[in-house]
Structure formats: C-alpha cells, structure tokens
Amino acid sequence: MNNKRTRIYEGKAKILYEGPEPGTVVVHFKDDATAFNAEKKAVIDGKGVLNQRISEFLFTKINDMGLPTHFLRSLNMREQLVREVEIIPLEVVVRNIAAGSLSKRLGIEEGKQLPRSIIELYYKNDSLGDPMVTEEHVTAFGWATPQEMDDIVHMSIRINDFLSGLFLGIGIKLVDFKLEFGRFYENDMMRIVLADEISPDNCRLWDIKTNDKLDKDRFRRDMGGLVEAYQEVARRLGIIQANETTERFKPKLVKSD
Ligand code: UDP
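Just so you know, these numbers come straight off a predicted model, no measurement behind them.

Participant: Could you give an account of the overall build of the chain, with specific residues and numbers?
Facilitator: Helix and strand content of the chain: six helices and 14 strands. For 257 residues, the compact-globule formula gives about 18 Å, and the C-alpha radius of gyration of the chain, at 18 Å, lands near that figure. Counting only residues that meet the buried cut, the chain has 49% of its 257 residues in that class. Taking the contacts inside the chain whose residues are at least 6 apart along the sequence as the reference set, 56% of them involve residues at least 24 apart. Carbon and sulfur atoms make up 51% of the accessible area of the chain, which amounts to about 13500 Å² in all. For the chain, the distance from the average site of its 38 positive side-chain charges to the average site of its 41 negative ones is 4 Å.

As structure tokens, this is what we get:
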C-alpha cells in the first residue's frame, strides 16, 4: 500500500505522504534514530509506533485545551493524518531544568532547576547545524512576523505548563523539549498551529525519584534500553497496558500456499 502513495518528503525519523483529501498529509513514524545532526544512526525496533502513540495522546490533549495543532487523527499504530501546514523554520526549545547543550554552553550543572522556564530559538537548517538565533534574526530575515512570534511564545508557555503538570502527575520531570510550528490557511484566515511531534525523541524526561532518563538521551549517550524507556512513558500515560510491548504491533508474515 505504502508504495502506491505519493511520497512528499522523507526526513530523519518520518516520511510524509500525500493525504487522502487536499490539505492533508499522512505522517509515517520510522524506527530510525539519529543524533548529532544525523552523524549517529540506528534502527530501533518499535520506536516509531511508540512515538506515534505518545504524540497522538499529547496532541489530542493539546487540541482539547483549545490550542490549534496540525493533528487530525491516527490512521494506524505508525501513521497519523495531519493538516498540511507551512512549517516555520524554527526549533523552539523550552527548558525547565539545565541539561544538554545549555549545560555545555553555559557551564550549568545538569539537573539544576532553572530560575524560570527559558525559551530558545534555533534556525531549522541541517547544513548549518541548526544554529541558535534570537527573535531579531527571525523577524529580520522574515522567517516569522513579530505577531507570529507572539503566538509561538504564548503557545509554547501554555504547552510547557500543561505538559509539566501532566508528566509530574505520572512521576516524570519534563526537563526540556522542542516544538515546531506551522501556518495553517483556512479560507482567508491564517493561524499558527503546533506541528511535528511531541515524544521522548524530542523531550527530556527524567523519573522523579531516580532521575532515570526516559528519552532519546539513552541513544545519544549509548545507555541502551531506549524502547523500554519509551514503553515506560507510554505505560505511565495509560497508552499501553502494564505488560504490553510493541511486539504485538509488528506486521506478521502471512503465508499463502
Ligand atoms: N531537540 C530536538 N531536536 C533537535 C535539538 C534538540 O528535539 O534538533 C530537543 C532535545 O531532545 C531536548 C531539547 O530539544 O529535549 C534541548 O536539546 P539541547 O539543545 O540540549 O540539544 P542536544 O543536547 O539534544 O544536542
């Protein structure tokens, strides 16, 4: 079935196909994992399914809060139907606790609670290695208007408050995460909507008691147990049952005589 569809784009972790109706896109979540601007690569069985299901769960909740997103519905374990949007070339990182590049750049110990949540902007450009930029660059180069940046910042803060509380309730600290936004055109109206995905691939999630990492740092730092960690997140969110693994979502070979 897949090869009959028109592929629009293949990225590091996802493939986009033309959707069944105009203005829609099918997002296929791959099992590929990449880090350090794709210098490190692996295929991790079951990762795509878990990310799709976790992202579906979180986007549904964010839609329910009244914040517009590109998410329409899941089509199967690995694929979702989304609105076609014009992606704004920014990675919006929200941080609550020091980790990763912030710790490295500013010499702040990993795990230190930040005095307030911090929003950082990165220009989405692989060949430049996604450099950090300020709102000045964003508006001067026309990547987004000042009004669009207001929407993006307000939505990011609301999403951070909501997700922080949601994860706290299941014993997880939301250390930091990355969001992407797009423009959605409806008749003569244009709205900024949340796009991309929210999953342990683009969040740092630490167990509240043990500080165990339940996110992609397990891959970045060669710790192993990535699928088990993502499964634990899905279990605590109530998406999968206690003893369920992604085994049962794998396609089975059907023999024909
Ligand atoms: N992040 C992401 N994609 C990127 C860069 C960062 O999803 O291309 C996420 C990352 O998973 C983390 C947060 O954004 O949750 C902050 O990442 P950081 O700047 O610390 O960079 P990293 O240490 O991942 O290089």
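Participant: Which residues make up the nonpolar core, and what values go with them?
Facilitator: Of all hydrophobic cores here, the largest spans 48 residues; its most connected members are Ile159, Phe167 and Ile198. Residues within four places of Ile198 in sequence aside, it is in contact with Ile54, Ser55, Leu58, Phe59, Ile62, Ile159, Leu163, Leu179 and Cys203.

Participant: Before we move on, could you go through helix 6 (residues 226-236) and cite the residues and values that matter?
Facilitator: Among the residues of helix 6, those classed as buried are Leu226, Val227, Ala229, Tyr230, Gln231, Val233 and Ala234. Lining the buried residues of helix 6 we find helix 1 (47-64), helix 4 (146-168), strand 12 (172-186), strand 14 (203-207) and helix 5 (217-220). Where helix 6 terminates, the next one or two residues include Gly238, which has phi positive at roughly 80 degrees.

Participant: Could you give me a rundown of the site of the ligand, with the residues and numbers involved?
Facilitator: The environment of the ligand is made up of 16 residues, and the closest members are Arg95, Ser101, Asp176, Arg204 and Arg220. The side chain of Arg95 places a nitrogen or oxygen atom 2.7 Å from an oxygen atom of the ligand. In the environment of the ligand, an oxygen atom lies 2.6 Å from a nitrogen or oxygen atom belonging to the side chain of Ser101. Protein coverage of the free-state accessible area of the ligand, which is 500 Å², stands at 77%. For the shell around the ligand, the secondary structure elements donating two or more residues are strand 9 (90-97), helix 2 (100-106), strand 12 and strand 14. Residues of the shell around the ligand, tallied by class, amount to five nonpolar, three polar and eight charged.

Participant: Give me the packing of aromatic side chains: which residues, what numbers.
Facilitator: Counted according to the given criterion, the structure contains two aromatic pairs. Ring centres of Phe141 and Trp143 lie 5.4 Å apart, and the angle between their planes is 35 degrees; on these two criteria the pair is classed as tilted. For Phe141, a relative accessible area of 57% translates into the label exposed. By relative accessible area, which is 16% here, Trp143 ends up buried. Chaining the aromatic ring pairs together yields one cluster made of Tyr123, Phe141 and Trp143.

Participant: Can you lay out the layout of surface pockets for me, pointing to particular residues and giving the numbers?
Facilitator: Space inside the second largest pocket adds up to approximately 150 Å³. The wall of the second largest pocket is formed by Asn96, Ile97, Gln113, Ser117, Asn160, Asp161, Ser164, Leu168, Ile172, Lys173 and Leu174. Elements represented by at least two residues in the lining of the second largest pocket include exactly strand 9, strand 10 (113-123), helix 4 and strand 12. Per element, the largest residue contribution to the lining of the second largest pocket is four residues, and it comes from helix 4.

Reading the values: rules and limits
- Residues numbered from 1 in each chain as written.
- Predicted model: local features only at pLDDT ≥ 70, side-chain atom pairs only at ≥ 80, totals over all residues.
- Heavy atoms only, no water.
- Helix = DSSP H or I, 4+ residues; strand = E, 2+ residues; numbered from the N terminus.
- Rg over C-alpha atoms; globule rule 2.2 N^0.38 Å.
- Buried < 20%, exposed > 50% of the residue type's maximum accessible area, 1.4 Å probe, protein only.
- Contact = heavy atoms within 4.5 Å.
- Areas by Shrake-Rupley, 256 points an atom, 1.4 Å probe, with all protein chains shown as cover.
- Lys, Arg positive; Asp, Glu negative; His and termini not counted.
- Charge placed at Lys NZ, Arg CZ, Asp CG, Glu CD.
- Core = buried A, V, L, I, M, F, W, Y, C linked by side-chain atoms within 4.5 Å.
- Near = heavy atom within 4 Å.
- Polar contact = N/O pair within 3.5 Å; in protein donor to acceptor, adjacent residues only side chain to side chain.
- Nonpolar A, V, L, I, M, F, W, Y, C, P; charged D, E, K, R; others polar.
- Phe/Tyr/Trp six-rings, centres within 6.5 Å; stacked < 30°, edge-to-face > 60°.
- 1 Å grid on protein atoms, 1.4 Å probe; cavity = no way out; pocket = protein on both sides within 12 Å on 5 of 7 lines; lining within 4 Å.
- Points joined across faces, edges and corners; volume = space filled by probe spheres on them.

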